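The chain contents come next:
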Amino acid sequence: MKDPKAIIAADKNHIWHPFTQAQTAPDAIPIVRGDGAKLFDADGNEYLDLISSWWVNTHGHGHPKIAGAIARQAEQLEHVIFAGFTHEPAVRLAEKLSNVLPGDLSRVFYSDNGSTAVEVALKLTFQYWRNKGEARKKFLAFEGGYHGDTVGAMSVGQSSGFFDAWQELLFDVGTLPFPATWQGDDDVETKEKKSFLALEQYLNEHGADTCAMILEPLVQGAGGMRMCRPEFLKSFVQKLQTAGVLVIFDEVMTGFGRTGDLFACRKADVVPDIICLSKGLTGGFMPLSATVCRDELYAVFLDESFDKAFTHGHSFTANPLGCAAALASLELTVSSETQSRIDVIAKIHKDRLEKLAAFAPLECPRQTGTIAAIDVKAADSGYTAGIGPALKAYFMERGLLIRPLGNVMYVLPPYCIADEDLHRAYDGIEAAVQTIL
Ligand SMILES: Cc1ncc(COP(=O)(O)O)c(C=O)c1O
């Protein structure tokens, strides 16, 4: 194997990293191995993965059950075109997803990642209305929502502030205020009323022209781990559906146990018309996503004419290795061991957030299941807030992989993390607050 310095040099010569300003960023760290919640670099240094590697890893790195399922599948069938062909892993996964999703969310369209899952949902709802003979063109989203980096996903996520460079490329989307709340928030009802009022006004003006509203249920991830109340979400969705607007839940981040329940929609007790799944779908092992819709939507694409078919597909649609990984991961996710780990993580988050809330430089502690977040009081907030890189560097020097979203510190670990490791992360956060804030 190349020595670490040679890997870094070759990386600098040839690699273009995501979300990175290469001119100012520190060298990328060559990782050679993962085990449970830990990653190891080429020099033997250890990093505790407290962000589940961009929120994908649910059961730990190198989990033998998922690794074994992929290896067995690779020897059997690594891939096959999914138009005109099918295979058991895709079918079994679709059946299993239908069983764990609420209501009649049971028609599965596979693609490769969170952005394509969203893209599929947007195109599908647009064509749904066209197939029904209604020319609806508008989409609706929450302020601060993020749904991925492809052009449609950027359009519905443009208020997240990540996409200024492409503003003129994006299509117009209606946005409503998101009632972000936290522990001890006295204004939550006022904010929720404001959201309902804005929805009412929007529906009066554009309801009949709107294909769908897309939203991250309960937790807006990249927008800063902003959380809303399940009761709010439930009545908001009811209002949309009563008005005849389709509802797309982007559970790319919140799915597979993150919110404490298997899906945020189950926690909020609502059935969206479409749900987008990725990240934790394969336990973070393979790039795969699923856009699952209600049977009633699928029926609108059935016809003697090809015009009404959903003419969208990707080379790697329903990749068998991804489906095998997802089947193994789902089995682990619904096991009683994982469920109790999720409960323990939620309890540790709760106790340690309570302690953090007492630190003067911090505010707005919040938690939904295994996701915990707290804000650093800062003159500048948002993803580019100055304090973010300093905090990240402090954590990395101590072997803690925590990547604040600007002034928002959050912890979102794999479910297998040991209690003492999670406490170590919170000890590190407390030390950072005392040292550099
Ligand atoms: C809620 C949500 N939707 C969509 C995406 C895009 O997923 P991907 O990066 O796999 O394209 C993300 C990624 O962070 C996300 O958090």
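Our subject in this report is the structure included herewith. What you see is a predicted model; the values in this text were computed from it and never measured. (Residues numbered from 1 in each chain as written. Predicted model: local features only at pLDDT ≥ 70, side-chain atom pairs only at ≥ 80, totals over all residues. Heavy atoms only, no water.)

A word on the sheet that holds strand 4 (residues 105-111). In spatial order, the strands read 4-12-11-10-7-5-6; together these seven strands make up an open sheet with mixed pairing. The open sheet has two free edges, formed respectively by strand 4 and strand 6 (174-176), since each of these has just one partner strand. Strand-to-strand, the axes of this sheet are offset by a mean angle of 20°, without reference to chain direction. Sitting on the sheet, helix 7 (residues 188-206) is in contact with strand 5 (138-142), strand 6 and strand 7 (210-215), with an inclination near 175° to strand 5. Across the sheet, helix 8 (residues 230-242) is in contact with strand 5, strand 6, strand 7 and strand 10 (246-250); its angle to strand 10 comes to roughly 145°. (Pairing = 2+ DSSP bridges. Helix = DSSP H or I, 4+ residues; strand = E, 2+ residues; numbered from the N terminus. Axes fitted to C-alpha atoms, helices over the stretch in contact; angles between N-to-C directions. Contact = heavy atoms within 4.5 Å.)

Scanning the model with the defined rule gives 20 aromatic pairs in all. Ring centres of Phe 232 and Phe 236 lie 5.1 Å apart, and the angle between their planes is 40°; this geometry places the pair in the tilted category. Taken together, the residues span about one helical turn, with Phe 232 and Phe 236 both in helix 8 at a distance of four residues. As far as the burial class goes, Phe 232 and Phe 236 line up, both buried. Members of the aromatic cluster, connected to one another through ring pairs, are Phe 19, Trp 54, Tyr 146, Phe 162, Phe 163 and Trp 166. Here Arg 107 stacks its cationic end above the ring of Tyr 298, 3.7 Å away from the centre of that ring. Here the basic side chain of Arg 398 rests over the ring of Tyr 394, its NZ or CZ set 3.6 Å away from the ring centre. (Phe/Tyr/Trp six-rings, centres within 6.5 Å; stacked < 30°, edge-to-face > 60°. Buried < 20%, exposed > 50% of the residue type's maximum accessible area, 1.4 Å probe, protein only. Lys NZ or Arg CZ within 6 Å of the ring centre and 35° of its normal.)

On to the sheet that holds strand 16 (residues 408-411), then. The three strands are arranged 13-14-16 in an open sheet whose pairing can be described as antiparallel. For this open sheet the edge positions go to strand 13 (362-368) and strand 16, each flanked by a neighbour on one side alone. The average undirected angle you get between the axes of adjacent strands in this sheet is 15°. Relative to strand 14 (residues 371-376), strand 13 is paired through five bridges, and the arrangement is antiparallel. Across the sheet, Arg 366 pairs through a bridge with Ala 373, a residue of strand 14. Against the sheet, helix 12 (residues 336-356) touches strand 13, strand 14 and strand 16, its axis set at about 170° to strand 13. Here helix 14 (residues 419-436) sits on the sheet in contact with strand 13, strand 14 and strand 16, set at roughly 165° to strand 16.

Right, let's talk about the side chain of His 147 for a bit. One can find His 147 in the loop between strand 5 and helix 6 (151-156). Among the polar contacts listed, one links the side chain of His 147 to the side chain of Asp 250, at a separation of 2.7 Å. (Polar contact = N/O pair within 3.5 Å; in protein donor to acceptor, adjacent residues only side chain to side chain.)

Residues in close proximity to the ligand include Trp 55, Asn 113, Gly 114, Ser 115, Tyr 146, His 147, Gly 148, Glu 216, Asp 250, Val 252, Met 253 and Lys 279, which together make up its full environment. Between the ligand and Gly 114, the relevant distance is 2.9 Å, taken from an oxygen atom to a main-chain nitrogen or oxygen of the residue. A distance of 2.7 Å is found between a nitrogen atom of the ligand and a side-chain nitrogen or oxygen belonging to Asp 250. In the complex, the protein chains occlude 83% of the 390 Å² of accessible area that the ligand would expose alone. Looking at the shell around the ligand residue by residue, the class counts come to four nonpolar, five polar and three charged. (Near = heavy atom within 4 Å. Areas by Shrake-Rupley, 256 points an atom, 1.4 Å probe, with all protein chains shown as cover. Nonpolar A, V, L, I, M, F, W, Y, C, P; charged D, E, K, R; others polar.)

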